[in-house]
Amino acid sequence: MSTPHHPIAIVGAGLGGLTLARVLRLHGVEAAVFDLDASPAARTQGGMLDIHDDSGQVALRAAGLFDAFLAHVHTGGQATRVLDKDARVLLDTPDDGDGGRPEIDRGDLRRLLLGPLPEGVIRWGAKVTGARPLGGGRHEVALEDGGSFTTDLLVGADGAWSRVRPLVSDARPAYTGISFVEADLPDADVRHPVSAEVVGGGMLFALGAGRGFLAHRESDGGLHVYTAVEAPEEWLDGIDFTDTEAARRAVLDHFGGWDKSLRALVADAEGTLVPRRIHALPVGHRWDRTPGVTLLGDAAHLMSPFAGEGANLALIDGADLGLALVAHPEDTEAALAAYEEKMFARAERSAADSAQGGAVLFRADAPQGLVDMFTGGLPEVSGSAPSA
């Protein structure tokens, strides 16, 4: 059998890969998308995202989905509260409704991007294991099931541990020193009223030196909690997350002396606790122009979540790459060079902001640094205030 060939192949059906596929299709350009998940519903998509007016919203306009996005915005989701470890409220800012950073559930956003794509565009259950250059900008991509395909343009939109990245860069994500444990409190107003009051209608930062609770209210009324701890990379390996009660105790051991209402964000959580180490690529990660291949989103510039930029960058990367290809229909290399020049500069700024945001959140006098940032006592990072 002959090896299938796709003029444009996108590896990864996350926000960036789907935005690219959508923008291309709007301009009459077909692309094949490959994703390791068995279906769109194979795993949960995480919590709320704040979509910025200078990046994510621009991308959604380019994808023709901005009005549909507005219909899914979580009213009140831009509200922000900052507490110390004694649950004293140091800042309580309501949602001003300006639309600069409206919140949407990640799952809702992904469904919006999936909706316009015809069946068959995405090859589900197609896990890419590697790729090799064939010359002239063409590549052969290997799949876990033993199959393969060739392509004239290979786009790595496959996240932190990208299998496409080695074609252009030797860089690998490094542990940032922060680990998360994620938890959920569903139907919070009814089942967890104390936690619902603590978190409020939008985002909560309850911080101390080297640790904290970051939480947000989701559009379905639940609360999603990120318990953050400065810890060695192996810390999570010493916790048995198959034993939820034991895991709960191990996490809360790092919050002795914290107010009971804050500890309840983990103590009363329902379901399993989910560990996650926070990794990042070097600030300013870039590569030499490599014929026939490029990266977007976390594959290109993985960063910590402490400036709220990751999803926004994936969206605008996908839109910018699609528009660059449309603008240079006969010169793919010119399109990739134009896209990468813009993407590299934008990503470097955001990665620096994210690293700075993490340092501010968990410094010795936390949460004072974050309060100062919000109130003008510290220069605010150029992207946005930190967001989980």
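Structure: see above.
This one's a predicted model, so the numbers in the text were calculated from it and none came from an experiment.

Calculation notes
- Residues numbered from 1 in each chain as written.
- Predicted model: local features only at pLDDT ≥ 70, side-chain atom pairs only at ≥ 80, totals over all residues.
- Heavy atoms only, no water.
- Helix = DSSP H or I, 4+ residues; strand = E, 2+ residues; numbered from the N terminus.
- Rg over C-alpha atoms; globule rule 2.2 N^0.38 Å.
- Buried < 20%, exposed > 50% of the residue type's maximum accessible area, 1.4 Å probe, protein only.
- Areas by Shrake-Rupley, 256 points an atom, 1.4 Å probe, with all protein chains shown as cover.
- Lys, Arg positive; Asp, Glu negative; His and termini not counted.
- Charge placed at Lys NZ, Arg CZ, Asp CG, Glu CD.
- Axes fitted to C-alpha atoms, helices over the stretch in contact; angles between N-to-C directions.
- Parallel < 35°, antiparallel > 145°, perpendicular 65-115°, else oblique.
- Contact = heavy atoms within 4.5 Å.
- Pairing = 2+ DSSP bridges.

**Focus on the overall build of the chain**
Regarding its fold elements, the chain presents 12 helices and 16 strands. For the chain, the C-alpha radius of gyration of 21 Å lies close to 21 Å, the compact-globule estimate for 388 residues. Over its C-alpha atoms, taken along the principal directions, the chain stretches across nearly 65 × 45 × 35 Å. Per-residue burial for the chain yields a buried fraction of 55% across its 388 residues. Total accessible area computed for the chain in this model is approximately 16,000 Å², and 50% of it derives from carbon and sulfur atoms. Averaging the positions of the 33 positive and the 56 negative side-chain charges in the chain gives two centres separated by 2 Å.

**Quick word on the packing of helix H11 (residues 332-361) against helix H12 (residues 368-375)**
Across the interface, H11 lies against H12 with an axial gap of 7 Å and an inter-helix angle of 125 degrees. Our classification of the angle between H11 and H12 gives oblique. Contact residues: Gln-356, Val-360 and Leu-361 in H11; Gly-369, Leu-370 and Met-373 in H12.

**Topic: the sheet that holds strand E14 (residues 223-230)**
The strands making up a sheet are joined through hydrogen bonds of the backbone, oriented either antiparallel or parallel. Reading across from one edge, E5-E4-E12-E13-E14-E11-E15 is the order of the seven strands in this open sheet, with mixed pairing throughout. Looking along the sheet, the strands with just one partner apiece sit at the ends: strand E5 (89-93) and strand E15 (270-280). Sheet twist, expressed as the mean angle between neighbouring strand axes with direction ignored, is 15 degrees. With seven bridges joining them, strand E11 (residues 174-185) and E15 adopt antiparallel strand pairing. Counterpart to Val-181 in the pairing with E15 is Pro-275. Against the sheet, helix H8 (residues 260-267) engages strand E4 (80-83), E11, strand E12 (203-208), strand E13 (211-217), E14 and E15, with an angle of about 70 degrees to E13.

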